[in-house]
Amino acid sequence: MQPEFWHKKWESNQIGFHLPEVNPYLQRHWPQLAIPAQTRVLVPLCGKSLDLLWLAGRGHLVLGVELSQKAIEDFFSEHQVTPQVSDKGPFKVYRADSIELWCGDFFVLTADDVADCAALYDRAALIALPPPMRERYAAHLQQILPQSVQGLLITLDYDQAQMPGPPFAVSDDEVQRLLGEVWQVQVLEEQDVLAESVRFLQAGVTRLEERVYRVSGR
């Protein structure tokens, strides 16, 4: 999956993956993690998610990484905020208060870039990637983040043969295989969401589960 795919999605406003509200799983489960205020949270492939504001509202420092410059500029303009813009290596950094959105390729992010990120929130990154890129993503994430990291991962699981991604189906077995050797990965919640997912129903998908994981260093 090439960068042009996502650029076209944003330019044509084909962003069904964008939620117009804060993710309820985030609101329900993040407080249980007891992550202190002022902790820096990495949010890969963040888009213009309202979850960024929610995390900042809890006192966190938010580092979002996003390929689409349009998504980042839309985020700030929609919230009537004018960010400071600077360059940091291969990234263009947009900063306002406690939110930094880095525009560029997640895979060139280094351990130095995220050395002070003690928390992780992934709602739309792992499921946005096809299998080979998921392998690469998981490996890179574990390579650059501190071993003591903790956070939340949200996935979708369905029969991939019934509908092409994205979002892609990621089974519990795959999550455990990709992340479980380095981190502790615990299912916090699993919901059958097929009845409320029109796109999946219209495609003939017969099952659709969302899972919320707690991720923590060993």
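Residues numbered from 1 in each chain as written. Predicted model: local features only at pLDDT ≥ 70, side-chain atom pairs only at ≥ 80, totals over all residues. Heavy atoms only, no water.

**Student:** Tell me about the overall build of the protein chain, and name the residues and values.
**Tutor:** Within the protein chain one finds seven helices and nine strands. In terms of overall size, the protein chain behaves like a compact globule, its C-alpha atoms giving a radius of gyration of 17 Å where 218 residues would be expected to give roughly 17 Å. Its C-alpha atoms give the protein chain principal-axis dimensions of roughly 45 × 40 × 30 Å. Taken over 218 residues, the protein chain has a buried fraction of 50%. (Helix = DSSP H or I, 4+ residues; strand = E, 2+ residues; numbered from the N terminus. Rg over C-alpha atoms; globule rule 2.2 N^0.38 Å. Buried < 20%, exposed > 50% of the residue type's maximum accessible area, 1.4 Å probe, protein only.)

**Student:** Got a sec to walk through empty space enclosed by the protein? Specific residues and values, please.
**Tutor:** The final tally for this structure, using the stated rule, is one cavity of 30 Å³ or more. Lining the largest cavity, in full, are Leu120, Asp122, Leu126, Tyr137, Ala138, Leu141, Leu153, Leu178, Leu179, Trp183 and Val215. Broken down by secondary-structure element, the contributors of at least two residues to the lining of the largest cavity are β6 (117-122), α5 (131-144) and α6 (172-179). Examining the composition of the lining of the largest cavity, we find that three residues originate from one element, α5, more than from any other. Its residues placed into classes, the lining of the largest cavity shows 10 nonpolar, no polar and one charged. (1 Å grid on protein atoms, 1.4 Å probe; cavity = no way out; pocket = protein on both sides within 12 Å on 5 of 7 lines; lining within 4 Å. Points joined across faces, edges and corners; volume = space filled by probe spheres on them. Nonpolar A, V, L, I, M, F, W, Y, C, P; charged D, E, K, R; others polar.)

**Student:** Can you break down the sheet that holds strand β1 (residues 40-44) residue by residue, with the values?
**Tutor:** Here nine strands make up an open sheet; going across it, the order is β3-β4-β5-β2-β1-β6-β7-β9-β8 and the pairing mixed. The sheet is open, and its two edges are formed by β3 (84-88) and β8 (183-192), each paired on a single side. Here the strands of the sheet are splayed against their neighbours by 20° on average, with no regard to which way each runs. Two strands pair when backbone bridges link them, and strand β2 (residues 61-66) and strand β5 (residues 99-103) are joined in this way by five bridges, in the parallel orientation. Residue pairing for β5: Val65 is matched across the bridge by Trp102. Strand contacts of α5: β1, β6 and β8, with the helix running at about 165° to β1, the strand carrying the most contacts. Against the sheet, α6 makes contact with β7 (150-157), β8 and β9 (209-217), and its axis sits at roughly 160° relative to β8, the strand it touches most. (Pairing = 2+ DSSP bridges. Axes fitted to C-alpha atoms, helices over the stretch in contact; angles between N-to-C directions. Contact = heavy atoms within 4.5 Å.)

**Student:** Could you give an account of the pairing of β9, with specific residues and numbers?
**Tutor:** Every other side chain in a regular strand lies on the same face of the sheet, so the side chains alternate between the two faces. Looking at chain direction, β7 and β9 are connected through eight bridges and run antiparallel. Opposite Leu156, over in β9, you have Glu210 as the bridge partner. In this sheet, β9 lies alongside β8 in antiparallel orientation, the contact comprising nine bridges. Looking at the pairing, Val187 lines up with Tyr213 of β9.

**Student:** Got a sec to walk through the confidence of the model for the protein chain? Specific residues and values, please.
**Tutor:** Per-residue pLDDT for the protein chain averages 92, and the proportion of residues at 70 or more is 91%. Across residues 14-18, where pLDDT falls below 50, the model places nine contacts with residues more than four positions away in sequence or in other chains. (pLDDT = per-residue confidence, 0-100.)

**Student:** Which residues make up the pairing of β6, and what are the values?
**Tutor:** Most of β6 sits out of view: five of its six residues are buried. Bridge count for β1 against β6 is three bridges, and the pairing is parallel. Within β6, the residue paired with Arg40 across the bridge is Cys117. Pairing geometry for β6 and β7, over four bridges, is parallel. Note that in β7 the partner of Leu120 across the bridge is Gly151. In this fold, β6 hands off to α5, which returns the chain to β7; that crossover is right-handed. (Right-handed = clockwise from strand over helix to strand, strands pointing away.)

**Student:** Account for the pattern of salt bridges, with residues named and values stated.
**Tutor:** Within this structure, the stated rule accounts for 12 salt bridges. One salt bridge connects Arg40 with Asp116, and the closest N-O pair in it is separated by 2.9 Å. Taken together, the residues span a long stretch of sequence, with Arg40 in strand β1 and Asp116 in the loop between β5 and β6 at a distance of 76 residues. In this structure, Arg177 and Glu135 form a salt bridge, with 2.8 Å as the shortest nitrogen-oxygen distance. Of this pair, Arg177 sits in helix α6 while Glu135 sits in helix α5, and the two are 42 residues apart along the sequence. (Salt bridge = Lys/Arg side-chain N within 4 Å of Asp/Glu carboxyl O.)

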